Amino acid sequence: MEVDRHTMRYKRCPDVFAVGDVAAVSKGKTAASLKWQVPVAVDHLVADIAGTRSNELYNGYASCPLITRTGRAMLVEFDYNDNLTPFFPGIIAHLEEL
Ligand SMILES: Cc1cc2nc3c(=O)[nH]c(=O)nc-3n(C[C@H](O)[C@H](O)[C@H](O)COP(=O)(O)OP(=O)(O)OC[C@H]3O[C@@H](n4cnc5c(N)ncnc54)[C@H](O)[C@@H]3O)c2cc1C
């Protein structure tokens with residue numbers, strides 16, 4: 001579904017929102033992305049119903065565990081602009097095998 005990549009609003013029918021793998025965003029095809037897409041879509045939906053506006057935006061957050069070798073992996077988290085977006089600073093080190 002063609003959505004605005006920041007609000008998850010369907011372009012062909014603005015009353016409709018799409019999240020998850022079905023949403024045609026350039027990044028964000030992970031379950032971890034859904035965690036950030038859903039609250040944004042819901043906030044816009046609730047604002048629509050209330051006749052107000054939401055400023056919530058989805059930044060393209062995606063998270064991929066990359067298997068580097070047997071028993072080792074790296075968690076890579078990034079946004080639409082390929083900025084690293086660590087969600088677990090101090091717990092999961094970025095760009096480090098764990
Ligand atoms: C091998 C693999 C590894 C992955 N690893 C990770 C990971 O480590 N971390 C991570 O964050 N993400 C991971 N992902 C991505 C993650 O699984 C998806 O982004 C996430 O499941 C998308 O959720 P969704 O609800 O949008 O779609 P889905 O989980 O695909 O759910 C869609 C549901 O709709 C159902 N459905 C389809 N058509 C119909 C129909 N006509 N009527 C009724 N029901 C229908 C399907 O059966 C399915 O249950 C992985 C994906 C794959 C394939």
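About the thresholds
Within each chain, residue numbers correspond to sequence positions counted from 1 in written order. In keeping with the predicted nature of the model, local features appear solely for residues at pLDDT of at least 70, side-chain atom pairs appear and are counted solely at 80 or more, and the whole-chain, interface and lining totals rest on all residues. Hydrogens and water molecules were not included; the side-chain quantities draw on all heavy atoms of the structure. In this description a helix means any DSSP run of H or I spanning at least four residues, a strand means any run of E spanning at least two, and both kinds are numbered starting from the N terminus. It only takes one pair of heavy atoms within 4.5 Å for two residues to be counted as in contact. Working definition of a nonpolar core: buried Ala, Val, Leu, Ile, Met, Phe, Trp, Tyr and Cys residues. They are joined through side-chain atoms within 4.5 Å. Exposed residues in this analysis have more than 50% of their type's maximum accessible area, buried residues have under 20%, and partly exposed residues fall in between, with area computed by a 1.4 Å probe over protein chains only. Put simply, a residue is near a molecule or strand once any heavy atom of it comes within 4 Å of that molecule or strand. What qualifies as a polar contact is a pair of N or O atoms within 3.5 Å, subject to a donor-acceptor requirement within protein and to the restriction that residues adjacent in sequence count only when both atoms come from side chains. Note on areas: Shrake-Rupley with a 1.4 Å probe; residue coverage comes only from the protein chains shown. Any residue outside Ala, Val, Leu, Ile, Met, Phe, Trp, Tyr, Cys, Pro, Asp, Glu, Lys and Arg is labelled polar, Gly included; the first ten of those are nonpolar and the last four are charged. A strand pair is defined by DSSP finding two or more bridges across the two strands.

### Describing the environment of M74
Stage number 1. Within the secondary structure, M74 is located in strand β2 (residues 72-78).
Stage number 2. A sequence separation of 43 residues divides M74 from A31, and the C-alpha atoms of the two residues are 17 Å apart.
Stage number 3. Ignoring any residue separated from it by four or fewer positions in sequence, one finds M74 in contact with C64, P65, L66, T68, L95, E96 and E97.

### Considering the nonpolar core
The nonpolar side chains of a soluble globular protein tend to be buried with one another.
Stage number 1. The biggest cluster of nonpolar side chains holds eleven residues, and these are V3, M8, F17, A18, A23, V25, V40, A41, Y58, Y61 and Y80.
Stage number 2. Among all residues touching Y61, those that are not within four sequence positions of it are G28, A32, S33, W36, E77, F78, D79, T85 and F87.

### Brief notes about the site of the ligand
Stage number 1. Around the ligand, a shell composed of G20, D21, K29, T30, A31, A32, L34 and P65 is seen.
Stage number 2. Note that an oxygen atom of the ligand is positioned 2.9 Å from one of the backbone N or O atoms of A32.
Stage number 3. In isolation the ligand offers 1000 Å² of accessible surface; the protein chains occlude 25% of this area.
Stage number 4. For the shell around the ligand, the element with the highest residue contribution is helix α1 (residues 31-50), accounting for three residues.
Stage number 5. Taken together, the residues that form the shell around the ligand break down as four nonpolar, two polar and two charged.

### Quick notes on the pairing of β2
Stage number 1. Across the seven residues of β2, five count as buried, placing the element largely inside the fold.
Stage number 2. Pairing of strand β1 (residues 62-69) with β2, which is carried by seven bridges, proceeds in the antiparallel orientation. Paired with L66 across the bridge in β2 is M74.

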